[in-house]
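Below are the chains, spelled out letter by letter.
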Amino acid sequence: MTADVGVRPVVRHRPTVAVVDLAAARHNASVLRPPSSELIAIVKADAYGHGAVPVALAATRAGASRLGVALVEEGVELRAAGLDVPILTLTEFPPGSEGDALRAGLTPTLYTRAALDRLLAASAGAGEPPGAQVKVDTGMHRVGVAWEDATVFVHEVVRSGVRLEGVWTHLANAEDPADPFTGVQLERFRSVLGRLRADGIPPGLVHAANSAGRLARRDAWFDAVRVGVALYGVSPGAGVAGAARDLGLRPAMSLRSEVSFVKRLAAGEAVSYGLTHRLERDATVATVPVGYADGYPRALSNRGEALVGGRRRRVIGSVTMDQLLLDCGDDAVEVGDEVILVGRQGGEEITAAELADLAGTIPYEIVCRIGVRVPREYLGT
Ligand SMILES: Cc1ncc(COP(=O)(O)O)c(C=O)c1O
């Protein structure tokens, strides 16, 4: 753990920790950067729970030439930590944030006249006009200028004096390679680019692919790919898991703890709040100091599994705020034994994707929700 990778030292009394392997993040960045496109490392939401500054430093050292964030605050934090590559905010600067954002040298995304006007007002008198990228809505309908109106809007941007540094879109369902809608989105996007070029407007950096697009759609790479979840070694979905495996992505985060209490319970005893699980036979039950306040989903009550002694153990009863229980059968388990909630132990592995399936969510949510109460410990610095 060293200061130059942006890692804050932690004082720790509970053994629950999220171990982040920065060597894995660097490896993932280097294999994810396409041969002739740039890699924009998406480090919003504290790098999906992995730690924005350490991951941004690792990714930029391993081939990411740009960073992407959701919030102005996230970009400002990265600048304050010394990251000097271009940082794109994935939505417009919120009203009133333009001064802070421009002072930090963040690249705005634009898709409305109102945000363009605010940007112009905030940069008036600054000498050089600011640069910006335009986000085109090709069918996801979250944010962006509708693809049918995009050419007119880009003309407005260019006329205003703002430097057009990029044009981009976002794919709604690239996780499902069989969904023809990705092709529809790319077709719409290409038609916007074609019209701009016909009008003599160079679009700047063109990008569309998220992790799934990077993994499964060569035709979505353009000048850059915006990769988030795959950078952390997590597959965006089952449909592209094979491509993630083929690329050799390595999970960057494991969630580990230790057994804090052990007891032998007789068949017929029930456990935890609501007594939702009753033992069918005598069992050694281990308590683990991690709960839903740490981001371990309560939905994994009676469903999740964790590793102790190199074997899978079922989560029994309700996951509580700070603790959960594992059925360890007749095995000798002791206080202090390592518990792996996400990650590898012996020859076994529990992935964020597996827990997400059991909890009825997506792997993104599993890693993003590991709470601030869980210290991050960095390997491979
Ligand atoms: C606009 C945009 N681009 C790229 C990404 C990265 O997506 P992924 O984590 O699937 O790679 C996100 C994340 O949600 C996003 O909102």
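Structure report, in brief. Every chain's residues receive numbers from 1 upward, in the order its sequence appears when written. Totals for whole chains, interfaces and linings use every residue, but because this is a predicted model, local features are given only for residues with pLDDT of at least 70 and side-chain atom pairs only at 80 or more, for both listing and counting. Derived side-chain values reflect all non-hydrogen atoms in the structure, with water molecules and hydrogen atoms excluded from consideration.

Right, let's get into the environment of Asp-219. Secondary structure elements follow DSSP: runs of H or I no shorter than four residues count as helices, runs of E no shorter than two count as strands, and numbering proceeds from the N terminus. Relative to the helices and strands, Asp-219 is located in the loop between helix H9 (211-216) and strand E11 (224-227). Think of it in three bands: with a 1.4 Å probe and only protein chains considered, a residue is buried below 20% of the maximum accessible area for its type, exposed above 50%, and partly exposed in between. By relative accessible area, Asp-219 is classed as partly exposed at 35%. Along the primary structure Asp-219 and Pro-203 are separated by 16 residues, whereas in three dimensions their C-alpha atoms are 18 Å apart. If sequence neighbours within four positions are ignored, Asp-219 has contacts with Leu-186 and Arg-190. Polar contact criterion, stated in full: a pair of N or O atoms within 3.5 Å, where within protein one must be able to donate a hydrogen and the other to accept it, and residues adjacent in sequence count only if both atoms are side-chain atoms. Side-chain polar atoms of Asp-219 contact the side chain of Arg-217, separated by 2.9 Å. We call two residues in contact when some of their heavy atoms are within 4.5 Å.

With that settled, consider the site of the ligand. One heavy atom within 4 Å of a molecule or strand is enough for the residue carrying it to be called near that molecule or strand. In the region of the ligand, 14 residues are neighbours, and Lys-44, Tyr-48, Ser-211, Gly-228 and Tyr-364 sit closest. Taking Tyr-48, its side chain carries an N or O atom lying 2.6 Å from an oxygen atom of the ligand. In this structure, Tyr-364 approaches the ligand through a side-chain N or O atom, which is 2.6 Å from an oxygen atom. All accessible-area figures derive from a Shrake-Rupley calculation using a 1.4 Å probe, and residue coverage is judged against the displayed protein chains alone. Isolated, the ligand exposes 400 Å² of accessible area, and the fraction of that covered by the protein chains is 92%. Three residue categories are used. Nonpolar comprises Ala, Val, Leu, Ile, Met, Phe, Trp, Tyr, Cys and Pro, charged comprises Asp, Glu, Lys and Arg, and polar comprises the others, including Gly. Taken together, the residues of the shell around the ligand sort by class into seven nonpolar, four polar and three charged.

Attention now moves to the pattern of salt bridges. Think of a salt bridge as a Lys or Arg side-chain nitrogen and an Asp or Glu carboxyl oxygen that are within 4 Å of each other. By the definition in use, this model includes 24 salt bridges. Residue Glu-338 is joined to Arg-256 by a salt bridge in which the shortest nitrogen-to-oxygen separation is 3.1 Å. Of this pair, Glu-338 sits in strand E20 (residues 338-345) while Arg-256 is found in strand E12 (residues 253-258), placing the two residues 82 residues apart along the sequence. Linking Glu-354 and Arg-312 is a salt bridge whose minimum nitrogen-to-oxygen distance equals 2.7 Å. With Glu-354 in helix H11 (residues 352-359) and Arg-312 in strand E18 (residues 311-316), this residue pair connects regions lying 42 residues apart in the sequence. Residues participating in the shared-partner salt-bridge network are Arg-14, Asp-294, Asp-322 and Arg-373.

Note on placement: Val-339 falls in strand E20. Along the backbone, Val-339 and Leu-326 are 13 residues apart, and their C-alpha atoms lie at a distance of 9.9 Å. The contacts of Val-339, once residues within four sequence positions are left out, are Leu-255, Arg-256, Ser-257, Glu-258, Val-259, Val-288, Ala-306, Leu-307, Val-308 and Leu-326.

In this section: helix H4 (residues 72-80). Count 3.6 residues to each turn of an α-helix, and residues three or four apart come out pointing the same way. Among the residues making up H4, those that are buried are Val-72, Glu-74, Gly-75 and Leu-78. Burial along H4 is one-sided: seen end-on, the buried residues are contained in an arc of 160°. Exposed residues on H4 whose side chains face more than 90 degrees from its buried face are Glu-73 and Ala-80. The inward-facing, buried residues of H4 abut helix H2 (44-48), helix H3 (52-61), strand E3 (64-69), strand E4 (87-89), helix H5 (98-103) and strand E5 (106-107). Note that the arc is defined by the directions from the helix axis to the C-beta atoms.

By nonpolar core is meant a set of buried Ala, Val, Leu, Ile, Met, Phe, Trp, Tyr and Cys residues that side-chain atoms within 4.5 Å join together. Counting residues in hydrophobic clusters, the biggest one holds 109 residues, and the most contacted among them are Val-43, Leu-67, Leu-78, Tyr-296 and Leu-326. The contact partners of Leu-326, leaving out residues within four places of it in the chain, are Thr-284, Val-285, Ala-286, Val-288, Ala-306, Val-308, Arg-313, Arg-314, Val-315, Ile-316 and Val-339. Counting seven residues, the second largest nonpolar core, distinct from the first, contains Val-271, Leu-279, Val-285 and Leu-325.

A word on unusual backbone geometry. One non-glycine residue with positive phi stands out, namely His-141, at about 60°. Examined against the element boundaries, His-141 turns out to sit in the loop between strand E7 (131-137) and strand E8 (145-146). Within the chain, Ser-272 stands out as a residue other than glycine whose phi angle is a positive 65°. Position of Ser-272 relative to the elements: it lies in the loop between strand E14 (270-271) and strand E15 (277-278).

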